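# Breakdown of the fold
The residues making up each chain are set out below.
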Amino acid sequence: PGASLIINSVAVGSNYLNQTTIEDAENGVVLMNGASLSNCLINNTYFLNDYIGLQFEKYSGTIANQITGSTIQGNSSLPYPPFLSYNSATGIRITDVNYYNSFTQTPGGITIGDSAGHTNVFTQLDTGISAIRSYVNVYNSDFHDLINSANSTNYTGIGIYSVSKS
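In this text, all values refer to a predicted model and were calculated from it rather than measured experimentally. (Residues numbered from 1 in each chain as written. Predicted model: local features only at pLDDT ≥ 70, side-chain atom pairs only at ≥ 80, totals over all residues. Heavy atoms only, no water.)

The next point concerns the overall build of the protein. The secondary structure content of the protein amounts to zero helices and 18 strands. The buried share of the protein, reckoned over its 166 residues, is 42%. Once local pairs closer than 6 in sequence are excluded, the contacts in the protein between residues at least 24 apart make up 70%. Total accessible area on the protein is roughly 8200 Å²; 49% of this is exposed by carbon and sulfur atoms. (Helix = DSSP H or I, 4+ residues; strand = E, 2+ residues; numbered from the N terminus. Buried < 20%, exposed > 50% of the residue type's maximum accessible area, 1.4 Å probe, protein only. Contact = heavy atoms within 4.5 Å. Areas by Shrake-Rupley, 256 points an atom, 1.4 Å probe, with all protein chains shown as cover.)

Right, dumping it as structure tokens:
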């Protein structure tokens, strides 16, 4: 299977993915424990047959990100261990990512999509976007053929799942 790109506790710099394919990974990209979201750009990127495409964890700081024109396509029967024959779980998983702008007194967070017509596509996943205790803005995204692991013969998965408390 493909390797995961894990960015852990990197507080400076930028994270760019442009016209990239990440395939057959347990976790396509993981940004966690303070990894920089101040300039995180993911454009025209394909996440194919990953258990989880993108994962953002434990961040509270300046967030200036863009995820546009990307496709996250799962698989109803992953071809590699430890998830052999499992469904792809989640396109984008966001946990404990918060930002509060004290100047404008508004919350902020991860932005998925834009208004310029660069559609993100989420397909063949249990859940398109999962947001736990996080601020998330979603624009111009297409969710289709989502699959529920408990009954993979019916398309009954979840487009966006969000919960504010543990």
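What follows deals with the pattern of salt bridges. All told, the structure shown has one salt bridge when counted by the stated rule. Between Arg133 and Asp96 there is a salt bridge, and its shortest N-O distance comes to 2.7 Å. With Arg133 in the loop between β15 (127–132) and β16 (136–138) and Asp96 in strand β10 (residues 90–97), this residue pair connects regions lying 37 residues apart in the sequence. (Salt bridge = Lys/Arg side-chain N within 4 Å of Asp/Glu carboxyl O.)

Below, the discussion takes up the environment of Ala131. Relative to the elements of secondary structure, Ala131 occurs in strand β15. Considering only alpha carbons, one finds Ala131 and Ile160, 29 residues apart in sequence, at a separation of 7.8 Å. The contact partners of Ala131, leaving out residues within four places of it in the chain, are Ile94, Val136, Tyr161, Ser162 and Val163.

What follows concerns the pairing of β15. Counting buried positions over the six residues of β15 gives six, a clear majority of the element. Bridge count for β15 against strand β18 (residues 158–163) is five bridges, and the pairing is parallel. Directly across from Ser130, in β18, lies its bridge partner Tyr161. (Pairing = 2+ DSSP bridges.)

It is worth spelling out unusual backbone geometry at this point. The omega torsion of the bond from Pro81 to Pro82 falls at 5 degrees, within 30 degrees of zero and hence cis. In the Ramachandran plot, Arg133 falls in the positive-phi region, its phi being about 50 degrees despite a non-glycine side chain. Overall, Arg133 belongs to the partly exposed group, its relative accessible area being 26%.

When you line up the elements, Ser88 lands in the loop between β9 (71–73) and β10. Given the relative accessible area of 0%, Ser88 is considered buried. When the C-alpha atoms of Ser88 and Ser76 are compared, they prove to be 6.4 Å apart, with 12 residues separating the residues in sequence. Every residue in contact with Ser88, bar those within four places of it in the chain, is listed here: Asn49, Asp50, Tyr51, Gly74, Asn75, Leu78, Gln124, Leu125 and Asp126. Separated by 3.0 Å, the side chain of Ser88 and the backbone oxygen of Asp50 make a polar contact. (Polar contact = N/O pair within 3.5 Å; in protein donor to acceptor, adjacent residues only side chain to side chain.)

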